[in-house]
Amino acid sequence: MAEPIIIDCDPGVDDALALLLAFASPEFELLAVTTVGGNVAAAKTARNACLIREVAGRDDVPVYAGATRPLVRDAVEAGDFHGVEGLGAVPARTPARGAEAGDSQRAIVDLVMARPAGSVSLTVVGPMTNVAAAMASEPALAGRLKQVVAMGGARREGGNITASAEFNIFADPHAAAAVFASGVPIVCFGLDATHQVRATEAHIAAIEALGTPAGAMAAAMLRFSRQVERDVVRGTDAPLHDPCPIAWLLRPALFELKPCRIEVETTSPLTMGHTAVEFRSAQPNARWAVSADADGVFALLTERLA
Ligand code: BDR
Ligand code: CA
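To start, this report covers the structure provided alongside it. As the structure is a prediction and not an experimental result, all values here were calculated from the model.

1. Here we look at the packing of helix H5 (residues 129-137) against helix H8 (residues 173-180)
Line of reasoning, step 1. Direction vectors running N to C along H5 and H8 enclose 55°, while the axes themselves pass 8 Å from each other. It follows that H5 is oblique to H8 by the angle criterion. By crossing handedness, the relation of H5 to H8 is classed as left-handed. Counting all contacts with H5, which are made through Thr129, Val131, Ala132 and Met135, the residues of H8 involved are Ala175, Ala178 and Val179.
Line of reasoning, step 2. Partitioning the contact of H5 with H8 into residue classes produces six nonpolar, one polar and no charged.

Next comes the structure, spelled out in structure tokens:
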């Protein structure tokens, strides 16, 4: 039986790749894609999700637009890494069909509460604003979910937006703190794992050679990220963050997880958004990805984009 999931995201080139992977995977019953302001403003992330849905030919999946700003802090965006419109060098256009009426937070509550307890996985690959707001509006939500499968945080690797914070957690640390404190089981793919999954020229060439519309779009976005990695980070192969949680749902053996307790720093201006990941805690609230099989993740992505 297909696994019911919701994907909460802020496309974003790697969010777009995560969506293309999920849209092409029959193992999922994709209940909805919900969007949040993050990499680019909320109106653009919703439009981009609809655009990717169109390329994937998955009109059956509803898209709901969500939070336009973080719970407490001022908004931060990541246009340097995703381009002004959020899809790198892929030209943004208005898709034929837009987002549904209604917002992300309501959709998450309604869709999860309508399903049996412990059945729906909520995959979160952007700031956790929608999820925290949904949990605040429906106190039974955290207990109703099977799990939250998130991309966010950093431990061994250090941060990618400040010295110690990763973008998704930094962009709404108060929301992340609430979600980690909610009691929902969490599987977390931070930079320690996603920085192991880097797009080489050979990975991109294999996707480009597929000759499919989704493959062409994915290859263009990966090439854009590779250029950004050179220009902004002074590196070579760009990390592929957001497809990791989706890949884990499809093929858990691609990652090694360790139980831990994760708490989020919300008070210090210097370390705001830092994830304190404690493997020795007697009260674990999450599992943390410590390693990833990069070639396995790219093989899966390539297989599905075909
Ligand atoms: C995360 O931040 C965003 O820029 C990416 O889409 C990813 O979700 C990586 O730190
Ligand atoms: Ca993202």
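Let us keep going from here.
2. Describing the coordination of the calcium ion (ligand 2)
Line of reasoning, step 1. Donor atoms from the polypeptide that coordinate the calcium ion (ligand 2) comprise Asp10 (OD), Asp15 (OD), Asp15 (OD), Val125 (O) and Asp242 (OD), at 2.3 to 2.6 Å from the metal.
Line of reasoning, step 2. Sequence positions of the residues that donate to the calcium ion (ligand 2) give the spacing D-x4-D-x109-V-x116-D. Placement of the pair is aspartate 10 in the loop between strand S1 (3-9) and helix H1 (13-23) and valine 125 in the loop between strand S4 (121-124) and H5, with a sequence separation of 115 residues. Like valine 125, aspartate 10 is buried.

3. Thoughts on unusual backbone geometry
Line of reasoning, step 1. Geometrically, the link from proline 11 to glycine 12 is a cis peptide bond, its omega value of -10° lying close to zero.
Line of reasoning, step 2. Although it is not a glycine, arginine 234 sits at a positive phi angle of roughly 65°.
Line of reasoning, step 3. Its location among the elements puts arginine 234 in the loop between helix H11 (213-233) and strand S8 (238-239).
Line of reasoning, step 4. Take arginine 234: its relative accessible area is 70%, and that puts it in the exposed class.

4. Focus: the sheet that holds strand S6 (residues 186-189)
Line of reasoning, step 1. In space, the nine strands of this open sheet follow the order S3-S2-S1-S4-S5-S6-S11-S9-S10, with mixed pairing throughout. Of all the strands in the sheet, just strand S3 (63-64) and strand S10 (275-278) have a single pairing partner and so form its edges.
Line of reasoning, step 2. In this structure, strand S2 (residues 28-35) lies alongside S3, joined through two bridges in parallel fashion. Of the residues in S3, the one forming a bridge with threonine 34 is tyrosine 64.

5. Focus: the packing of H1 against helix H13 (residues 294-305)
Line of reasoning, step 1. Orientation of H1 relative to H13, taken along the N-to-C sense of each, is 60°, at an axis distance of 9 Å. The angle between the axes of H1 and H13 places the two elements in the oblique class. Crossing hand, H1 versus H13: left-handed. Taking contact as the criterion, the partners of Leu17, Leu20 and Leu21 in H1 are, on H13, Leu300, Leu301, Arg304 and Leu305.

The rules behind the values
Residues numbered from 1 in each chain as written. Chains lettered and ligands numbered in written order. Predicted model: local features only at pLDDT ≥ 70, side-chain atom pairs only at ≥ 80, totals over all residues. Heavy atoms only, no water. Axes fitted to C-alpha atoms, helices over the stretch in contact; angles between N-to-C directions. Helix = DSSP H or I, 4+ residues; strand = E, 2+ residues; numbered from the N terminus. Parallel < 35°, antiparallel > 145°, perpendicular 65-115°, else oblique. Left-handed = near helix turned anticlockwise from the far one by under 90°. Contact = heavy atoms within 4.5 Å. Nonpolar A, V, L, I, M, F, W, Y, C, P; charged D, E, K, R; others polar. Donors = N, O, S within 2.8 Å, 3.2 Å for Na, K, Ca; no water. Buried < 20%, exposed > 50% of the residue type's maximum accessible area, 1.4 Å probe, protein only. Pairing = 2+ DSSP bridges.

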